[in-house]
Amino acid sequence: MTPRKPTDGVQELFPTLLRATATGVTMAFTRALAGLAALATPAFALGSTRLFFGLLLGFMVASAVIGLVWVPRLRKASQPEQRAEPDQLSDAIAPGTTGKAAL
């Protein structure tokens, strides 16, 4: 049986090769929506305040439900069992050297 690595079983929403692209597309989409909302919100709020706040509440509840139900739960990665102590790190440096780069 092979030993488990700390990252075994941890889900990722996007594969490593696509993560930066997915983040960029998500950010661009949210900024475009925020820009459109900023243009429409003042006129809509002045036209029908009760309807505006009702829709705002509806969107808030819908996003909370999506966040709680639809988004997958990600397991936390386990921490490494033992960290190297400073004295163990100095043992890893070759004998006769200080571990500092020469200038």
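Everything below is about the structure printed above this text.
Residues numbered from 1 in each chain as written. Predicted model: local features only at pLDDT ≥ 70, side-chain atom pairs only at ≥ 80, totals over all residues. Heavy atoms only, no water.

Novice: Explanation requested: the overall build of the protein chain in the structure shown.
Specialist: Along the backbone of the protein chain there are three helices and zero strands. Along the protein chain, helices (α) and strands (β) appear in the sequence α-α-α when read from the amino end. As presented, the protein chain carries roughly 9700 Å² of accessible surface, and 69% of it is formed by carbon and sulfur atoms. (Helix = DSSP H or I, 4+ residues; strand = E, 2+ residues; numbered from the N terminus. Areas by Shrake-Rupley, 256 points an atom, 1.4 Å probe, with all protein chains shown as cover.)

Novice: How should I be thinking about a nonpolar patch on the surface in this particular structure?
Specialist: Taken together, the side chains of L57, M60, V61, V65, I66, L68, V69, W70 and V71 define a hydrophobic patch exposed on the protein surface, amounting to about 950 Å² of accessible area. With respect to the element layout, I66 can be found in helix α2 (residues 49-70). (Patch = residues over 30% accessible without salt bridge, like charges linked within 9 Å, V, L, I, M, F, W, Y side chains within 5 Å. Salt bridge = Lys/Arg side-chain N within 4 Å of Asp/Glu carboxyl O.)

Novice: Sorry if this is basic, but what is going on with the environment of L13 here?
Specialist: Within the element layout of this structure, L13 appears in the segment before α1 (19-47). Taking C-alpha positions, L13 is 9.5 Å from V71, a pair spaced 58 residues apart along the chain.

Novice: What exactly am I supposed to notice about the packing of aromatic side chains here?
Specialist: Aromatic ring pairs are reported here in terms of the distance separating the ring centres and the angle at which the planes meet. Going through the model one piece at a time under the given rule, you end up with two aromatic pairs. Relative to F52, the ring of F44 lies with its centre 5.9 Å away and its plane at 75°, an arrangement referred to as edge-to-face. Look at F44 and you get partly exposed, because its relative accessible area is 34%. Feature note: the residues F44, F52 and F53 constitute an aromatic cluster, connected by ring pairs. (Phe/Tyr/Trp six-rings, centres within 6.5 Å; stacked < 30°, edge-to-face > 60°. Buried < 20%, exposed > 50% of the residue type's maximum accessible area, 1.4 Å probe, protein only.)

Novice: What exactly am I supposed to notice about α1 here?
Specialist: Helical geometry note: an α-helix holds 3.6 residues per turn, so side chains three or four residues apart project in the same direction. A rise of 1.5 Å per residue sets the reference length of α1, with its 29 residues, at 42 Å; its end C-alpha atoms lie 41 Å apart and thus fit the reference within 8%. In the structure, α1 departs most strongly from a straight axis at A40, where the bend amounts to approximately 35° and where the proline P42 lies between one and four residues downstream. (Expected span 1.5 Å × (residues − 1). Bend = angle between axes of the 7 residues up to and from the residue.)

Novice: Any chance you could explain the packing of α1 against α2 here in plain terms?
Specialist: Relative placement of two packed helices is described by the angle separating their axes and the distance separating the axes. Where α1 contacts α2, the two axes come as close as 5 Å, and the packing angle between them is 125°. Put simply, α1 runs oblique to α2. Touching T41, F44, A45 and G47 of α1 are T49, L51, F52 and L55, all from α2. Per-class residue counts for the contact of α1 with α2 are five nonpolar, three polar and no charged. (Axes fitted to C-alpha atoms, helices over the stretch in contact; angles between N-to-C directions. Parallel < 35°, antiparallel > 145°, perpendicular 65-115°, else oblique. Contact = heavy atoms within 4.5 Å. Nonpolar A, V, L, I, M, F, W, Y, C, P; charged D, E, K, R; others polar.)

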